[in-house]
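Per-entry structural report
What follows is each chain in one-letter form.
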Number of protein chains: 2
Amino acid sequence: MTQRVYNFSAGPAVMPVPVLESIQRDMLALPGVGASILEISHRSGTFVAIAEAAEANLRKLLSISDDYAVLFLQGGSRLQFSMIPMNLLGKGQSADYILTGSWGNDALKEAKKEGETSVAWDGKSTNYDRLPKNGDLKLNPQAAYIHYTSNETIQGVQFKSEPEVGEVPLVCDASSEFLYKPLDVSKYGLLYACAQKNAGPSGVTVVIIRKDLLKRSDPNMPGYLNYQIHADNGSMWNTPPTFGIYVLKLVTDWLLNDVGGLDAMYQRNQDKAKLLYDVLDESNGFYAGHAQREDRSLMNVTFRLPSDELTDQFVGEAKKQSLTDLKGHRSVGGIRASIYNAMPLAGVEKLRDFMVEFKEKNAK
Amino acid sequence: MTQRVYNFSAGPAVMPVPVLESIQRDMLALPGVGASILEISHRSGTFVAIAEAAEANLRKLLSISDDYAVLFLQGGSRLQFSMIPMNLLGKGQSADYILTGSWGNDALKEAKKEGETSVAWDGKSTNYDRLPKNGDLKLNPQAAYIHYTSNETIQGVQFKSEPEVGEVPLVCDASSEFLYKPLDVSKYGLLYACAQKNAGPSGVTVVIIRKDLLKRSDPNMPGYLNYQIHADNGSMWNTPPTFGIYVLKLVTDWLLNDVGGLDAMYQRNQDKAKLLYDVLDESNGFYAGHAQREDRSLMNVTFRLPSDELTDQFVGEAKKQSLTDLKGHRSVGGIRASIYNAMPLAGVEKLRDFMVEFKEKNAK
Ligand SMILES: Cc1ncc(COP(=O)(O)O)c(C=O)c1O
Ligand SMILES: Cc1ncc(COP(=O)(O)O)c(C=O)c1O
Ligand SMILES: [Mg+2]
Ligand SMILES: [Mg+2]
Ligand SMILES: [Mg+2]
Ligand SMILES: [Mg+2]
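Residues numbered from 1 in each chain as written. Chains lettered and ligands numbered in written order. Predicted model: local features only at pLDDT ≥ 70, side-chain atom pairs only at ≥ 80, totals over all residues. Heavy atoms only, no water.

Topic: the overall build of chain A
- Within chain A, the regular secondary structure consists of nine helices and 14 strands.
- A globule of 364 residues ought to have a C-alpha radius of gyration of about 21 Å, and chain A, at 21 Å, matches this closely.
- Over its C-alpha atoms, taken along the principal directions, chain A stretches across nearly 65 × 55 × 30 Å.
- For chain A, the share of sequence-separated contacts (at least 6 apart) that also reach a separation of at least 24 residues comes to 68%. (Helix = DSSP H or I, 4+ residues; strand = E, 2+ residues; numbered from the N terminus. Rg over C-alpha atoms; globule rule 2.2 N^0.38 Å. Contact = heavy atoms within 4.5 Å.)

Here's what the structure looks like:
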């Protein structure tokens, strides 16, 4: 095997090595089947059992009740930006959006094409470095739904708990934190996440939707965009992304059996993030965190160095030590270390050590 | 390695073994990268080069000129059923549909939701066992486009050449024949194919669109559904299905380098199909082909046995000989042997021998 690096990419992102090894082992033929996962019909008993196991794993990890449908869709989270208002926003209704970073803004852009919207809070004036308190939200009690982004991947701000929105269905883009800790799904109307951060490869998006909301889908809307159709057909109205669902099954097996569930995963994630945030907090401003302390993300650690030259030097020297993909998103700059579920503690420790050394050498 | 079967699934379908071996070899780390194809950012130099190579391979295999954009999309061919009219069918216009089987009908169903349509020909009265002659088509010279299905996967009828439609943009669902032989792309306005038959795994769909048609896309339509947006962003407006595109690159490498191009591929496909059709033709009606002789498909060989009992017996005994997935689609019944590009000659020969023997034992 070629030497592996520690890859801090924001997505597609690092995967658990045992999952990659399973995929590798069975790539030419699933045991007892004699054909690759890439070759078998989505209607075969083998694949149906894989898809059912993926769903059962998610239901177990997140204690998802039968009041919710779990869908496996294509199109990424961006297609959800459109599908949500197309399905849930009726004529004459309005939807509330909480804007805590880039992705929430992009979600709003698509919703505006479909109907009335209102901004319940916008963090723009402080460059999306913090989250609203519950009292700050300008909520419409008649809203069709309220949308928020639980972890803003680019800015690195993450809600610790759900905003309080009363009876209005809460819709959450959980793309970059999904499965990082336990969740009370019953608080949500709809929760969605593209898989390519914590759950699998790109090309499959998980949508968890309260079944009573399915009746809002207009039978005359485009078939692939209709949640009711996907729920009625167990995500097999058309050919699903079979490989992605297979990997999702393996990743959730890993969470259940190797990690030991989401409480244990959460503890690991807290421990990992603390290693890096401690360096920031003790750096006398050499590493300046983008997010306010109480709102910073356990998944995407964003910070700036004193100059662009030092930032480039940091990225270059890190890469020589097999610490890759640390450049921040162009819209925020600086450094972003994405430390999703599958990033091992050893990778974060190595980055921590590098950061301490780099500061010692370069701080004035 | 577990023993492999010969898998005649209609899709997801058999893959070239060298492609599966490449995927397996590099699953833990792409050479020189140190991370899996599943883990690297779609914006990384490594992935961008893979996507560009996939596109370059397609352009080479099909001689696609710069007048066309090549897109890699999610949502399967069914999402194309909606995207095509949403992008190409303007207000007050009408689109023509040629119906030669199940998939064309499903495409029409979605188009009707978006605007005016007209049926240029419908094979229903003979249960979709044949194709129209050019003179049979009821064409509207003002149509926004004319849609047809070059190979009907379920019925097993396949056009030998494009229907003649004058100046109206020709839109083709080539899902189940894409890359089986050379094609004159300049005859098409848009050609699309989900990958899971001839081109790769499920989860990625290739769309080849004449660039002048892109201006029909309304900037106010949902972002993910807008061809212009995908073309402007090289299919990276959002996270593309990276693994699927990688496999597409490997499959097209195989076509170029191992097979030797689409002329050679076409010869192989003709040879393979002849083996099975000869058995049908010489079976005195024991194997009754669904499609009329001149319209039958080189990809999906559909036929019936004298009784349902014999059909079940055929499927069961074939499976014992590692010939799998031969049951016909529920809407046509009987047997369907899908013999896509990657089905080796040896697999078809084995099926041929089985069919001959089965007939000898069971014909009265
Ligand atoms: C929070 C969040 N929402 C949405 C997206 C968009 O997902 P996709 O690229 O799959 O459309 C991303 C990441 O890419 C994200 O991090
Ligand atoms: C000719 C044809 N068109 C469309 C489809 C639908 O593709 P998908 O399931 O990817 O939506 C298929 C097969 O599944 C097909 O064979
Ligand atoms: Mg991404
Ligand atoms: Mg609406
Ligand atoms: Mg299929
Ligand atoms: Mg229109």
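Points about helix 7 (residues 262–281) of chain B
Residues and elements named next belong to chain B.
- The end-to-end C-alpha separation of helix 7 is 27 Å, in line with the 28 Å expected for 20 residues at 1.5 Å each.
- Along helix 7, the positions that sit buried rather than exposed are L262, M265, N269, K272, A273, L275, L276, Y277, V279 and L280.
- On the buried face of helix 7, the contacting elements are helix 2 (45–61), helix 6 (242–259), strand 11 (288–289), strand 12 (300–304), strand 14 (335–338) and helix 9 (345–362). (Expected span 1.5 Å × (residues − 1). Buried < 20%, exposed > 50% of the residue type's maximum accessible area, 1.4 Å probe, protein only.)

Examining the packing of helix 1 (residues 17–25) of chain A against helix 6 (residues 242–259) of chain A
All names here are of chain A.
- Close contact between helix 1 and helix 6 brings their axes to 9 Å; oriented N to C, the two are set at 135 degrees. With respect to helix 6, the axis of helix 1 lies oblique. Here the hand of the crossing between helix 1 and helix 6 comes out right-handed. Residues P18, V19, S22 and I23 of helix 1 form the contact with helix 6, whose participating residues are F243, Y246, V247, L250, V251, W254 and D258.
- Of the residues belonging to the contact of helix 1 with helix 6, the class tally is nine nonpolar, one polar and one charged. (Axes fitted to C-alpha atoms, helices over the stretch in contact; angles between N-to-C directions. Parallel < 35°, antiparallel > 145°, perpendicular 65-115°, else oblique. Left-handed = near helix turned anticlockwise from the far one by under 90°. Nonpolar A, V, L, I, M, F, W, Y, C, P; charged D, E, K, R; others polar.)

Description of the relation of the copies chain B and chain A
- Placing chain B over chain A gives an RMSD of 0.0 Å and needs a rotation angle of 180 degrees, together with 0.0 Å of translation along the axis. In symmetry terms, the pair is related by a two-fold rotation axis. In terms of C-alpha distance to the rotation axis, chain B has B:Q24 as its closest residue, with the C-alpha 2.5 Å off the axis.
- Mapped onto chain A, 98% of the interface residues of chain B again fall at the interface, so both copies present the same surface. (Least-squares fit on C-alpha atoms with pLDDT ≥ 70 in both.)

Focus on the pairing of strand 10 (residues 205–210) of chain B
Residues and elements named next belong to chain B.
- With five of six residues buried, strand 10 lies mostly within the body of the structure.
- As defined by bridge partners, strand 2 (residues 68–73) adjoins strand 10 across six bridges and the pair is classed as antiparallel. Bridged to L71 within strand 10 is V207.
- Where strand 9 (residues 190–194) and strand 10 come together, five bridges link them in antiparallel fashion. Residue pairing for strand 10: L191 is matched across the bridge by I208. (Pairing = 2+ DSSP bridges.)

A look at the UniProt feature "domain: Aminotransferase class V" (unreviewed entry) in chain A
- Look at the UniProt record and you will see "domain: Aminotransferase class V" (unreviewed entry) annotated at residues 5–351 of chain A.
- In this annotation, residues 5–351 of chain A is assigned 34% helix and 16% strand; the end-to-end C-alpha distance for the span is 12 Å. (UniProt positions renumbered as here; feature names shortened; annotations may be inferred.)

Side note on the interface of chain B and chain A
- In this complex, chain B contributes 61 residues to the contact, which on the side of chain A involves 61 residues.
- Between chain B and chain A lies a buried interface of about 4,800 Å² when both sides are counted; carbon and sulfur atoms form 58% of it.
- The largest per-residue losses of area from chain B upon contact with chain A belong to B:L28, B:L38 and B:E39, which jointly make up 16% of the total buried on that side.
- Our count for the chain B to chain A interface comes out at two salt bridges.
- When the shortest N-O distance is used, the salt bridge between A:E39 and B:R4 registers 2.9 Å.
- Only helix 1 (17–25), helix 3 (76–88), helix 4 (102–114) and helix 6 of chain B provide two or more residues apiece to the side of chain B that touches chain A. (Buried area = accessible area lost by both parts, 1.4 Å probe. Salt bridge = Lys/Arg side-chain N within 4 Å of Asp/Glu carboxyl O.)

What about unusual backbone geometry?
- In this structure, the amide linkage connecting A:G11 to the following residue, A:P12, adopts the cis form with an omega of -15 degrees.
- Within the secondary structure, A:P12 sits in the loop between strand 1 (6–7) and helix 1.
- In the Ramachandran plot, B:N127 falls in the positive-phi region, its phi being about 55 degrees despite a non-glycine side chain.
- A relative accessible area of 45% places B:N127 in the partly exposed class.

Examining the site of ligand 1
- The local shell around ligand 1 holds 16 residues, among which A:R78, A:T153, A:D173, B:N238 and B:T239 are the closest.
- At ligand 1, the nearby residues belong to more than one chain, namely chains A and B.
- A distance of 3.1 Å separates an oxygen atom of ligand 1 from a polar backbone atom of A:S77.
- Within the contact set of ligand 1, a nitrogen atom lies 2.6 Å away from a side-chain nitrogen or oxygen of A:D173.
- Surface burial for ligand 1 is 97%, taken as the share of its 390 Å² of free accessible area covered by protein chains.
- No other element matches helix 3 (residues 76–88) of chain A, which puts four residues into the shell around ligand 1. (Near = heavy atom within 4 Å. Polar contact = N/O pair within 3.5 Å; in protein donor to acceptor, adjacent residues only side chain to side chain. Areas by Shrake-Rupley, 256 points an atom, 1.4 Å probe, with all protein chains shown as cover.)

Focus: the nonpolar core
- Ranked by internal contacts, the top residues of the largest apolar core, which has 127 residues, are A:I23 and B:I23.
- With residues up to four places along the chain from it excluded, the contact list for A:I23 reads A:F243, A:Y246, A:V247, A:L250, B:M27 and B:L38.
- Among the nonpolar cores identified, the runner-up in size contains 64 residues, and A:L73, B:M86, B:A111 and B:Y227 belong to it. (Core = buried A, V, L, I, M, F, W, Y, C linked by side-chain atoms within 4.5 Å.)

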